[in-house]
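# Secondary and tertiary structure notes
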Amino acid sequence: MTSTHGLPPEFVLQPDGSLRTLDKYDAPLLAAQRGESTRFHAMAKPAGSACNLDCAYCFYLSKATLRDGPGSGRMSAATLEAFIRQYIECQTGSEVVFSWQGGEPTLLGVDFFRRVVELERTYAKPGQTIQNDLQTNGTLLDDDWCRFLKEHRFLVGLSIDGPQKLHDAFRVAKDGSPTFAKVFAAAKLLHKHDVPFNTLTCVNRLNARHPLDVYRFLRRELGSTYLQFIPIVEYNGFERIAPQHWDPAALPRQGDPQARPGHPQSVVTDWSVDPEDWGYFLVKTFDEWRRRDLGKVLVNHFETLVAQHLGQPSQLCVYGEICGKGLAVEHDGGVYACDHYVYPEYRVGNVHAGRLTDAVFSRAQVRFGYAKSETLPRQCRECPYLRDCWGECPKNRILRTTDGEAGLNYLCSGFQRFFAHAIPEVDRIVADLQTRGTTSRPRM
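Residues numbered from 1 in each chain as written. Predicted model: local features only at pLDDT ≥ 70, side-chain atom pairs only at ≥ 80, totals over all residues. Heavy atoms only, no water.

A separate point is the packing of helix H8 (residues 275-293) against helix H14 (residues 412-435). Two numbers describe how H8 lies on H14: the axes approach to 6 Å, and their chain directions differ by 20°. The pairing of H8 with H14 is recorded here as roughly parallel in orientation. Like other packed secondary-structure pairs, H8 and H14 cross with a definite hand, here left-handed. Across from Pro275, Glu276, Trp278, Gly279, Tyr280, Leu282, Val283, Phe286, Asp287, Trp289 and Arg290 in H8, the residues of H14 making contact are Ser413, Gly414, Phe415, Arg417, Phe418, His421, Ala422, Glu425, Val426 and Ile429. Considering only residue class, the contact of H8 with H14 consists of twelve nonpolar, four polar and five charged. (Axes fitted to C-alpha atoms, helices over the stretch in contact; angles between N-to-C directions. Helix = DSSP H or I, 4+ residues; strand = E, 2+ residues; numbered from the N terminus. Parallel < 35°, antiparallel > 145°, perpendicular 65-115°, else oblique. Left-handed = near helix turned anticlockwise from the far one by under 90°. Contact = heavy atoms within 4.5 Å. Nonpolar A, V, L, I, M, F, W, Y, C, P; charged D, E, K, R; others polar.)

Tracing the sequence through the fold places Glu425 in helix H14. Spatially, the C-alpha atoms of Glu425 and Gly138 are 36 Å apart, while their sequence positions differ by 287 residues. Contact partners of Glu425, with chain neighbours within four places excluded, come to Phe286 and Arg290. Within the local environment of Glu425, its side chain forms a polar contact with the side chain of Arg290, the two groups lying 2.6 Å apart. (Polar contact = N/O pair within 3.5 Å; in protein donor to acceptor, adjacent residues only side chain to side chain.)

A word on the layout of surface pockets. Where empty space is left becomes clear once a probe the size of a water molecule has been rolled over the atoms. Approximately 300 Å³ is the volume attributed to the second largest pocket. Contributions of two or more residues to the lining of the second largest pocket are made by helix H11 (363-374) and strand E14 (406-408). If you tally residues by element for the lining of the second largest pocket, the top one is H11, at three residues. Of the residues assigned to the lining of the second largest pocket, the class counts are nine nonpolar, three polar and two charged. (1 Å grid on protein atoms, 1.4 Å probe; cavity = no way out; pocket = protein on both sides within 12 Å on 5 of 7 lines; lining within 4 Å. Points joined across faces, edges and corners; volume = space filled by probe spheres on them.)

Now for the sheet that holds strand E7 (residues 197-203). If you walk across this open sheet you meet the ten strands as E9-E8-E7-E6-E5-E4-E3-E10-E11-E12, and the pairing is mixed. Two strands bound the open sheet, and with one partner strand each, they are strand E9 (298-299) and strand E12 (347-350). When strand E10 (residues 326-329) meets strand E11 (residues 334-336), the two strands line up antiparallel, connected through two bridges. Bridged to Ala328 within E11 is Tyr336. Strand contacts of helix H2 (residues 77-90): strand E3 (41-44), strand E4 (95-100), strand E5 (129-136) and E10, with the helix running at about 150° to E4, the strand carrying the most contacts. Relative to the sheet, H8 contacts E7, strand E8 (226-231) and E9, its axis offset from that of E8 by approximately 170°. (Pairing = 2+ DSSP bridges.)

Below, the discussion takes up the pattern of salt bridges. On inspection of all chains with the given rule, the structure shows 23 salt bridges. Between Asp194 and Lys150 there is a salt bridge, with the nearest N and O atoms lying 3.2 Å from each other. Of the two residues, Asp194 sits in the loop between helix H6 (180-192) and E7 while Lys150 sits in helix H4 (residues 143-151), which places them 44 residues apart along the sequence. Since its relative accessible area comes to 53%, Asp194 is described here as exposed. Three or more residues are tied together by salt bridges with common partners; here these are Arg216, Arg220, Glu288, Arg291 and Arg292. (Salt bridge = Lys/Arg side-chain N within 4 Å of Asp/Glu carboxyl O. Buried < 20%, exposed > 50% of the residue type's maximum accessible area, 1.4 Å probe, protein only.)

Two packed helices can be described by the angle between their axes and the distance between those axes. Packing of H4 against H6 brings their axes to within 10 Å, and their N-to-C directions diverge by 45°. As summarised for this structure, H4 and H6 are arranged oblique, according to the angle between their axes. Judged by the sense of rotation from one axis to the other, the crossing of H4 with H6 is right-handed. Residues Asp143, Cys146 and Leu149 of H4 form the contact with H6, whose own contacting residues are Leu189, Leu190 and Lys192. Considering only residue class, the contact of H4 with H6 consists of four nonpolar, no polar and two charged.

Shown next as structure tokens:
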């Protein structure tokens, strides 16, 4: 956006010399330039897509070979410092949360993260609290790692897909060997050192059919009290084609055989979760959670649904009306619209070229965020569950509606089954909370 010096405040001068009226897509950057509140979250990828595992369904391994993508590499000392300094400078709140993901970030070693903590202390503003979370496959964790994580109060996300048979079906090492034993040992180490951790379970075509086996294993055998379930949905061709850059006319309609995994011309990979199985998984785990663990265990999809019915904002970006506040910073300093949108078409900046704020609140990024609700098909806009779902994640909108309109979420039928089943009970939970004078749920 070019300077508006000498122009009425409602206009902006564009690079080609023409005038454009300011609109809602300009507002966040103008607010940031005026020093108003700026809150956003950036997920750092310091090892890029490098990983010691070769999970069949991983959407990130292919970033190393993506044309004009971030490539492979390790975040340099200069990039690390530039990112940490700018990220802290940009935040106006009293709490700053750093999220370290990959690939596999523990490949960088404990000393890399000791430097992270040093830089955070160097640049933290007075009165500001710095927090860190680390998503890991757990296979490289040892006592030294756990002592560090405990000392510096890292929250760990441990990736595990359920009991051994289900986990090892897709989560294997580079040589194809199983990884369950190492991950289970990592959980024991985290417990031993009293390191808080969440479990992240990728719900795929196989384990979606065994919801209670997955839930009860995580809860009873692993001892997890915060369960995150992530549906695996991968467009066939995701390795090279960016979301929303597919041919809309070639997308199957809801109900077509190609709209489910396993068909020779399926729109998704074979390991993607079936929409009907996703609904079944949510229904069964919701009932188990409601019956045995309400108030004791946090499950991401269930907690946010309760919060939303209490009138609070969604705790998960996928259920929010607007997205765009959760960006990704790659090993080379490149800033992308989201970690599911690390494609050249969605690169919005670099920490070495301009301020992070300018990338985060750029017109392109703000339009990306608003597009989540602005591009919904009529079927979604008229759906009774619109405000519970808002079309879920845009990267999963790879179907056409039954009348041919593009932009329908692949998981739509599964979500409808879940909401129809769970919302009556959620409303009873909300009424009980309100009767007891509790009007908020724990933040995820």
